[in-house]
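# Coordinates in review
These are the residues of each chain, in order.
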Amino acid sequence: MSDLADAIPEDSAMTGADLQAAHAARGFMPHAEGLLLHRAALAAGGGPMLEIGGYCGKSAVYLGSAARHRGGVLFSVDHHRGSEENQPGELYCDSAVVDVQTGKVDSLPHFRRTIEETGLEAWVVAVVGSSPLVASHWCTPLSLLFIDGGHTEEAAHADYAGFVPHLDGSGWLLIHDVFGDPADGGQAPFHVYCRALEEGFRDVAAEGSLRVLRR
Ligand code: SAH
Ligand code: MG
């Protein structure tokens, strides 16, 4: 990794309660990767941040806790209907996240509960809708963009194309589920990561499948 890794502070501003809430929240964010999210958000320094893929709020706790410490806000975009792999009958479906009345995935109540219990409502804003729709109306410059939404090629590239133009010149781009080896996972986030490198981003840090980049 480049010397830019020095730009990411080692110290965590997460309280014990935040750490516990992040652990307890349902989701797909290993703790070590969550801590890197948090540190990158501290380094991004207080501006508006946006994540695609809020799910039940796990990553939002790591990012939102940095917003509380530094100022700033996290917009968490998700239609809360789950990705392909979260649908009933699929590998990553959690039955607790399926609405018993409609039979549809609905992670919004879980997201809300996580953010409420962590006391992060003043720093984390749920934006409920499909990412390309939100992107097509988005105007606010972002200090950090975290892509963790749909994993089809179409969805992952649309997230990148829709929101990277709103990233500040020196903004931080974070991509989750980057697997160089197809045996380890789907390739769309990896292809988006390669596209970012081709388009002038540089590696700053990595942990597990999380990549942190800057221009
Ligand atoms: N960051 C989360 C995990 C995200 S899972 C964590 O820390 O646990 C991926 C999420 O992306 C799902 O909740 C799904 O609903 C959402 N998603 C997938 N495609 C989307 C799209 N096109 N627009 C908005 N949200 C989407
Ligand atoms: Mg992910």
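Criteria and cut-off values
- Residues numbered from 1 in each chain as written.
- Chains lettered and ligands numbered in written order.
- Predicted model: local features only at pLDDT ≥ 70, side-chain atom pairs only at ≥ 80, totals over all residues.
- Heavy atoms only, no water.
- Donors = N, O, S within 2.8 Å, 3.2 Å for Na, K, Ca; no water.
- Helix = DSSP H or I, 4+ residues; strand = E, 2+ residues; numbered from the N terminus.
- Buried < 20%, exposed > 50% of the residue type's maximum accessible area, 1.4 Å probe, protein only.
- Axes fitted to C-alpha atoms, helices over the stretch in contact; angles between N-to-C directions.
- Left-handed = near helix turned anticlockwise from the far one by under 90°.
- Contact = heavy atoms within 4.5 Å.
- Nonpolar A, V, L, I, M, F, W, Y, C, P; charged D, E, K, R; others polar.
- Near = heavy atom within 4 Å.
- Polar contact = N/O pair within 3.5 Å; in protein donor to acceptor, adjacent residues only side chain to side chain.
- Areas by Shrake-Rupley, 256 points an atom, 1.4 Å probe, with all protein chains shown as cover.
- Pairing = 2+ DSSP bridges.

## Remarks on the coordination of the magnesium ion (ligand 2)
- All of the protein donors around the magnesium ion (ligand 2) are Asp148 (OD), His176 (ND1) and Asp177 (OD); their distances to the metal are 2.1 to 2.3 Å.
- Here the donor residues for the magnesium ion (ligand 2) map to a single chain with the spacing D-x27-H-D. In this pair, aspartate 148 is assigned in the loop between β4 (142–147) and α6 (153–163) and histidine 176 in the loop between β5 (167–175) and α7 (188–198), connecting sequence segments 28 residues apart. You'll find aspartate 148 and histidine 176 in the same group, each marked buried.

## Notes on the packing of α6 against α7
- The N-to-C vectors of α6 and α7 enclose an angle of 35 degrees; their axes lie 8 Å apart at closest approach. Seen from above, α6 lies across α7 with right-handed handedness. Contacts between α6 and α7 involve Glu153, Ala156, His157, Tyr160 and Ala161 on the former and, on the latter, Ala188, His191, Val192, Arg195 and Ala196.
- Each residue belonging to the contact of α6 with α7 can be placed in one class, and the counts come to six nonpolar, two polar and two charged.

## Points about the site of ligand 1
- Near ligand 1, the surroundings consist of 20 residues, among which Phe28, Gly53, Ser59, Asp78 and Asp148 are the closest.
- Aspartate 78 has a polar side-chain atom sitting 2.7 Å from an oxygen atom of ligand 1.
- One nitrogen or oxygen atom from the main chain of glycine 82 is found 2.9 Å from an oxygen atom belonging to ligand 1.
- For ligand 1, the protein covers 93% of the area, taking 580 Å² as the surface of the free molecule.
- Taken together, the residues that form the shell around ligand 1 break down as three nonpolar, 13 polar and four charged.

## Re the sheet that holds strand β2 (residues 73–78)
- Overall, mixed pairing links the seven strands, which are arranged β3-β2-β1-β4-β5-β7-β6 in an open sheet. Pairing within the sheet leaves two strands with one partner each, and these edge strands are β3 (124–128) and β6 (202–207). Shown here is a sheet whose adjacent strand axes are inclined to one another by a mean of 20 degrees, direction ignored.
- Judged from the five bridges that link them, β6 and strand β7 (residues 210–214) form a sheet pairing that is antiparallel. Following the sheet pairing, arginine 202 is matched in β7 by arginine 214.

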